[in-house]
Number of protein chains: 4
Amino acid sequence: VHDRWSDGLLEAGFGDPVLAELVGWPSRVRRMVEVEAALGRALTAVGLIPADAGAAITQACDPDRLDLEALAARAAVAPTPVIPLVRALSHEVDELAAAWIHHGATSQDIIDTATVLQLRDALDHLEARLLEVGDRCAQLADRHRDTVMSGRTLGQQAVPITFGLKAARWLGALDRRVEQLCWVRPRLVLVQLGGAAGTSAVYGEQGLAVAEALASELGLGTPDLPWHAERDRIVEIAGALAGVATTVTAIGGDLVGLASSEVAEVREAASAGPSSSAMPHKRNPVHAAAARAAGRLALGETQVLTMSAADHEHERAAGAWQAEWVALPSALVRTGGAVERLGAALAGLEVDARRARDNLEAAAGLTGSEALATALTPTFGRVRAQRIVGELTARAAAEGRHLREVAASSEELTQVIDDDELTRAVDPASSLQLASPLIDRALRSHDRLRAGGAR
Amino acid sequence: VHDRWSDGLLEAGFGDPVLAELVGWPSRVRRMVEVEAALGRALTAVGLIPADAGAAITQACDPDRLDLEALAARAAVAPTPVIPLVRALSHEVDELAAAWIHHGATSQDIIDTATVLQLRDALDHLEARLLEVGDRCAQLADRHRDTVMSGRTLGQQAVPITFGLKAARWLGALDRRVEQLCWVRPRLVLVQLGGAAGTSAVYGEQGLAVAEALASELGLGTPDLPWHAERDRIVEIAGALAGVATTVTAIGGDLVGLASSEVAEVREAASAGPSSSAMPHKRNPVHAAAARAAGRLALGETQVLTMSAADHEHERAAGAWQAEWVALPSALVRTGGAVERLGAALAGLEVDARRARDNLEAAAGLTGSEALATALTPTFGRVRAQRIVGELTARAAAEGRHLREVAASSEELTQVIDDDELTRAVDPASSLQLASPLIDRALRSHDRLRAGGAR
Amino acid sequence: VHDRWSDGLLEAGFGDPVLAELVGWPSRVRRMVEVEAALGRALTAVGLIPADAGAAITQACDPDRLDLEALAARAAVAPTPVIPLVRALSHEVDELAAAWIHHGATSQDIIDTATVLQLRDALDHLEARLLEVGDRCAQLADRHRDTVMSGRTLGQQAVPITFGLKAARWLGALDRRVEQLCWVRPRLVLVQLGGAAGTSAVYGEQGLAVAEALASELGLGTPDLPWHAERDRIVEIAGALAGVATTVTAIGGDLVGLASSEVAEVREAASAGPSSSAMPHKRNPVHAAAARAAGRLALGETQVLTMSAADHEHERAAGAWQAEWVALPSALVRTGGAVERLGAALAGLEVDARRARDNLEAAAGLTGSEALATALTPTFGRVRAQRIVGELTARAAAEGRHLREVAASSEELTQVIDDDELTRAVDPASSLQLASPLIDRALRSHDRLRAGGAR
Amino acid sequence: VHDRWSDGLLEAGFGDPVLAELVGWPSRVRRMVEVEAALGRALTAVGLIPADAGAAITQACDPDRLDLEALAARAAVAPTPVIPLVRALSHEVDELAAAWIHHGATSQDIIDTATVLQLRDALDHLEARLLEVGDRCAQLADRHRDTVMSGRTLGQQAVPITFGLKAARWLGALDRRVEQLCWVRPRLVLVQLGGAAGTSAVYGEQGLAVAEALASELGLGTPDLPWHAERDRIVEIAGALAGVATTVTAIGGDLVGLASSEVAEVREAASAGPSSSAMPHKRNPVHAAAARAAGRLALGETQVLTMSAADHEHERAAGAWQAEWVALPSALVRTGGAVERLGAALAGLEVDARRARDNLEAAAGLTGSEALATALTPTFGRVRAQRIVGELTARAAAEGRHLREVAASSEELTQVIDDDELTRAVDPASSLQLASPLIDRALRSHDRLRAGGAR
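What counts as what
Residues numbered from 1 in each chain as written. Chains lettered and ligands numbered in written order. Predicted model: local features only at pLDDT ≥ 70, side-chain atom pairs only at ≥ 80, totals over all residues. Heavy atoms only, no water. Least-squares fit on C-alpha atoms with pLDDT ≥ 70 in both. Contact = heavy atoms within 4.5 Å. Helix = DSSP H or I, 4+ residues; strand = E, 2+ residues; numbered from the N terminus. Buried < 20%, exposed > 50% of the residue type's maximum accessible area, 1.4 Å probe, protein only. Core = buried A, V, L, I, M, F, W, Y, C linked by side-chain atoms within 4.5 Å. Buried area = accessible area lost by both parts, 1.4 Å probe. Salt bridge = Lys/Arg side-chain N within 4 Å of Asp/Glu carboxyl O. Polar contact = N/O pair within 3.5 Å; in protein donor to acceptor, adjacent residues only side chain to side chain. Nonpolar A, V, L, I, M, F, W, Y, C, P; charged D, E, K, R; others polar.

**Student:** Which residues make up the relation of the copies chain C and chain D, and what values do they have?
**Tutor:** Least-squares fitting of chain C to chain D yields an RMSD of 0.0 Å, with the transformation described by 0.0 Å of translation along the axis and a rotation of 180 degrees. Interpreted geometrically, this transformation is the action of a two-fold axis. In terms of C-alpha distance to the rotation axis, chain C has glycine 239 of chain C as its closest residue, with the C-alpha 2.6 Å off the axis. When the interface residues of chain C are mapped onto chain D, 100% of them are again interface residues, pointing to one common binding face.

**Student:** Residues and numbers for the environment of leucine 434 of chain C, please.
**Tutor:** Mapped onto the secondary structure, leucine 434 of chain C falls in the loop between helix H19 (419–425) and helix H20 (435–453). With relative accessibility at 3%, the residue leucine 434 of chain C sits in the buried group. As for leucine 434 of chain C and isoleucine 161 of chain C, which are separated by 273 residues in sequence, their C-alpha atoms are 9.8 Å apart. Not counting residues within four places of it along the chain, the set of residues in contact with leucine 434 of chain C comprises Thr199, Ser200, Gly204, Glu205, Gly207 and Leu208 of chain D.

**Student:** If you had to explain the nonpolar core to someone new, which residues and values would you point to?
**Tutor:** Burial of nonpolar side chains together is a common tendency in soluble globular proteins. Grouped together as the largest cluster of nonpolar side chains are 567 residues, with contacts concentrated most on Phe14 of chain A, Phe14 of chain B, Phe14 of chain C together with Phe14 of chain D. Those residues in contact with phenylalanine 14 of chain B, other than ones at most four positions away along the chain, are Leu9, Ala290, Ala293, Ala294, Leu297, Val333, Arg334, Gly337 and Ala338 of chain B together with Gln322, Trp325 and Val326 of chain D.

**Student:** Can you break down the interface of chain B and chain A residue by residue, with the values?
**Tutor:** Many authors give the size of an interface as the accessible area that is lost as the parts come together. Taken together, the contact pairs 92 residues of chain B with 92 residues of chain A. In this assembly, chain B packs against chain A so that about 7,800 Å² is buried in total across both faces, 59% of it on carbon and sulfur atoms. Here chain B and chain A share 16 salt bridges between them. A salt bridge links arginine 187 of chain A to glutamate 179 of chain B, with the shortest nitrogen-to-oxygen separation between them at 2.6 Å. Across the contact surface, chain B and chain A share 36 residue pairs in polar contact (both at pLDDT 80 or more). In terms of residues, the side of chain B that touches chain A owes the most to one element, helix H11 (residues 232–259) of chain B, which gives 13 residues. A breakdown of the residues in the side of chain B that touches chain A according to their chemical character gives 38 nonpolar, 31 polar and 23 charged.

**Student:** Give a description of the pattern of salt bridges that names residues and reports values.
**Tutor:** All names here are of chain B. Scanning the entire structure with this criterion turns up 136 salt bridges over all chains. Between aspartate 142 and arginine 145 there is a salt bridge, with the nearest N and O atoms lying 2.9 Å from each other. The exposure class assigned to arginine 145 is buried, which follows from its relative accessible area of 15%. Residue arginine 152 pairs with glutamate 265 through a salt bridge whose shortest N-O separation is 2.6 Å.

Shape descriptors only; they carry no functional weight alone.
Listed below in structure tokens is the structure:
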């Protein structure tokens, strides 16, 4: 089995094996056979081929009788895989089926429509998995709505946030990815049928009727026009997958950062074995790292899809379209891999609320600088308040003292702000009144999406 | 004026000057000032700052009093341009305004919201221009619904199409770009307000009320949560712009191909001067080439935006976010430039219907091979029909004779297909019955979009 | 066998099967085992482990005894594939080997060094294939040094060139790709050995000696410092592969263009079967199109490598490095696939010299406009000469007459240029004196490269 | 001045103003004029134009007499900027110069050669700046050769390293970037002269002589063949710039990470003003963040260059080449901006050696796990030693005790390792014997490069 370099994707854990099954080569062949069969029935229904031909073609189109191995070998040297496929199907069937199989179609009709069928299944799976990862974020958001931690901007402790709010923001981003996939779906999950150059020449006036019958057979939509040469729909799905990949990569990055030794506010569930071949003590964020790797790999393929679509010539491109054959399934498998690994990272995520609070306290009140400056603004005006607090924080940092203590020793301050106000200003909790309502908004939106709002 | 390298974009004609105005630096500064003013009024409305402060801030926020030149110089060395901006605004105004300006906000609130305001105008312009370019395609589609030309797949003449159908396909793709921009718009044209780390700490429970008041002042939507760190909305607009850029690039590519000396089925309107510095006879597809250049340039920036969003850390990134400051306006201007140049190419496009027919006839019937094979399929079955016609076309090509003539001299054929049938098989018109209905579908969709269906 | 989606690359004919073998997963495992064995011997040689341990480890490291299937399954869930590998090796061997295998190394040492060993073989193969494709270009350049054809700029016939000159330019570009690979090779084909964080802590002062002994065992170079975290060498190979992919893509594009129906100056050798599933007459540039598809696919992976290297954190990245595991071999296989398909396109390329001349003649002298303007410049000055010839060519095009004829009927001209001069000005041959010497320069450079100049 | 959106690059501090000057539009015009002048002299030298014409052209080619503003306006609507330029030059000069200016050249000759002249200066500057940033790394490496800190892999503390070793690794990467630029330079800093389609038709047999004379006038090399259509040299410089951008981005990322509040081992020099508009206490890694932003922006342009070169058709592309006009200078300015900002970050970098040691000690011996396992390997074998230490570190972490202490209380261990050995195993210093020699290797290589080894 392991005679192919590219198995490395799955072996490295960067691919989603379910998607690999759904969009792989054997599935592609099965789907192409399914399209040929459905086309036969559609042509019969419209009356363009003899009444028996449709059934005969359907009977002929049995993927289990195909020698996939041999077909693959021929496909690698054929202009399109449809040519050896139709030949193989034609040779094994009765005369009637052989006469009318692939009637009026071109390779691209079969390949694009088969791809769309794969994609429909793939989107079902990907959306479901994204929603499940979202569920986990929702759970974290709810459970940790009061888990205070440091917000970090440009790598620096800024002001307090809660871990729940962070998880709610992740949830919002994941839900928007589902929304985008749902938006793309009906724009792309469409039959492709136009014949050699998109005019359905062989079907004459009945071209649209055949397309609709085929779409109906396969449960697909019918586009205004064949889309063989306008690949903007592919750019749309590439963009949606890039959206998933980037969202996952960013969340994975936050996890890696929060799991770092010095922050240590989260860690992935302990795995069975060691996470380093050299250092027994390591507890690496293995899943988050893999999610980031898979996300990056996915972006390479979405970039190929976008580049290719930029360059589709006339009625069928010489190279741009063919690149999609590989890049689209690969983009799906890699994106799905990123989602899987993020899911694994979140599933067993341990949040160390105490450590989060300790880190915040280690800042010795500095993360209250905004609050303190705000408290002083009515008295001193904004510019001077900022400067005063800037000096206080610099002194606190230099002397290793708590900001509250340094502030309390400043005469300038104590004249305008009493001890209670000062304490409140530098107390994280006092600044987090909005976190919980924001979390609720994200949870409600997720529930609506779950309830079908996305479709 | 020409002291900046990057003017080259506009000087090379690859940028849209209207967008350059709408999303450039001076507009950015004006928009930031506008946001500070609106924030002042919002805070007053909610009651978080003194009743007079809002008006005082609004009065202070007069972009015409700012020294943009000096501000730009300070911005280049400041961590964010908001820091010198607020300082400049604070210094020139009355005490009350100085005390409360920028109250509770952080640089990102101002920059992101100002960007969104720019973007809203930019999208208005871009959508309008895309619709106008679409109008021209619609006109071409309607006018040339019977202009027969060769369809071309992998660079080879395939079967006949009409120029009108090609233009209708372009129209469909352009309209889908408008639809995508319309889908992105309400997801992105949102206020950003969360303070230092997205908790609106300074506003406490009233954070949402302030956000809504600010949004209302500016005519923007309010998001579920602040989106300072989840940049997937930026990936969405990047994807939509990449969609425009790739669609334009592909259409531009078709124009360049059709205008090539050997095809010569279209040409751009003659310009005032020569199109080559060496060859007086050249009539280059100058606008189409520029559209392709601008489209490529736009894709570079959309790629930056996508990459950056993949890597936004914690509550504010160190680098990823800042890259957006340049890449987003640049992506807009370059994308708009591509649209402008495509519009110019199409505006004066001359379609040479006669040449198109001549090119088709030069194929000596070969483009009827599919039709002929189809006509023979009932008799011979698909495989044999294809082989027979394959041999005929090879012979026709080798002997330089018309396919009809070679076919008419084949006994095997003349037994099963009479002269009329043969003539009809290789007659382009007989295969184009669907073209006009397809064009009508695209035109109707465009009308619906024009009529407001997109919003 | 066909249970993996990614086989699609090879099945679609877009991968180089030799490279797939050289850089695939099974080869990776063998190479990792080889590195562990060599490390054992190196440690013995330096005296850091018992004298017998090196031999025992080498004996233990027998890839044929490994269950690759089981190892792959474990690798997919392990933090790195080295962890289950070392475990597998440790369990099957004698105690001494088990004690000292992987001593002082970390997973990255093994993976990076194994990758480098794969890469060395891959570069041997890729360079050899590029040189062979170059040989074919050299042959075409030499054979067609007098095959006159039209130069084409912006898709328009410009001035005459020769097909030999075009082939020579391709040759130059391919040779420069070999030169770049040769430049990258010694910078990258280096041992990686630094232990957990690049300090070779376990080896103490002997770290460099171990690295050198290991390099010597494997025939690799030794870098100044371990390069575990500075992945710029990977960016260099990514850049070199992108260079190959873009050069191949561009040549493939020229072939597709020259093979187009209306140009028809080249065509690929006829293949056994049809090149379209719908149109029996088609003779598609199948290999050139596949080369372009593979080239595009390769660029996706080189982009991943470049992006990843941009983001390698501290002493080992969480995601960026892991993405290389897949992207680097994939980039090699795709790039190699592009080279293979270009080689196939060129191998059987038929050049139609007569058609090339016909196309040029169809321009009716317009491609002599530069020459004519040049001939008039001494008399009229540049600006006026250009304008005169511009008017003549416009008239010639409008009236469908030959430029020579129109020019000969212009009194303004006949006063200053006689018939012979006019004929010479619009004769292609008169403008091609430099083509042959240029071809010779490219051929000589290729010979030098072949003779070893590149290394 | 601020009427152009794209000034934002400089205003945001992401561009190198020196490079903006060297490669901007006014410089481009000057260089084009310089090329026209040099071509005139070259043609005179070879004897192809009258003896006086060369001097007359040189005199005419005075950029200071050009109205750059008007020229820019015309360039934006012209097919190439050379057309209005030559027209402007022709109109202002004597007849002889007007007759012979631009003789035998095409726009691309002038634009490409002018670009190369700009590039030569730009490379001088960029290499010099990279070497200077390298000098600073060398200084840090030398000064901090004994500054012990934690190595970090996947974000986790791994084993000790020194800050000096880290800086030496940065130095090595920066020096390799200089080497790559030096390798690219002679391959690209070449004259472009081939006339309309690369045959130098107008010069006949003397084409090479003219090219050499022009190269000599301008101090450039002469290529084997004109390279108008083979843009692989552009891919090479794009790759080299991407190398710089990625190296800078990665170093910037390390700085941001090391400056994070919880690590705090480095910080940038305090700037004059605040680094946040909301939080007075913040001391953001502003320069490092800007370097990362600029690096990302640069990668967008290098990607455009690579994509464009993939698609250059025939003798001159319709779009691909034109995109280079903007993308190449922009790539240079952005890359240079990244270098500048990294230089600023390093220039004032404060390294907190004490904090680095504290962080390491906070790991409570865990970073000695590799050393401890190594010490136990002779007795227990590798697998068991790893397991024992794995259990000890888990216990130490759980109980919040130092690894040494936990280890010392394990009977299993104390039987085989005495207290001294244990102490040494977990002492960082004992594992860093190689750091200093490695640093010396990097410093020596830098000195060699400085001494001219790179050229």
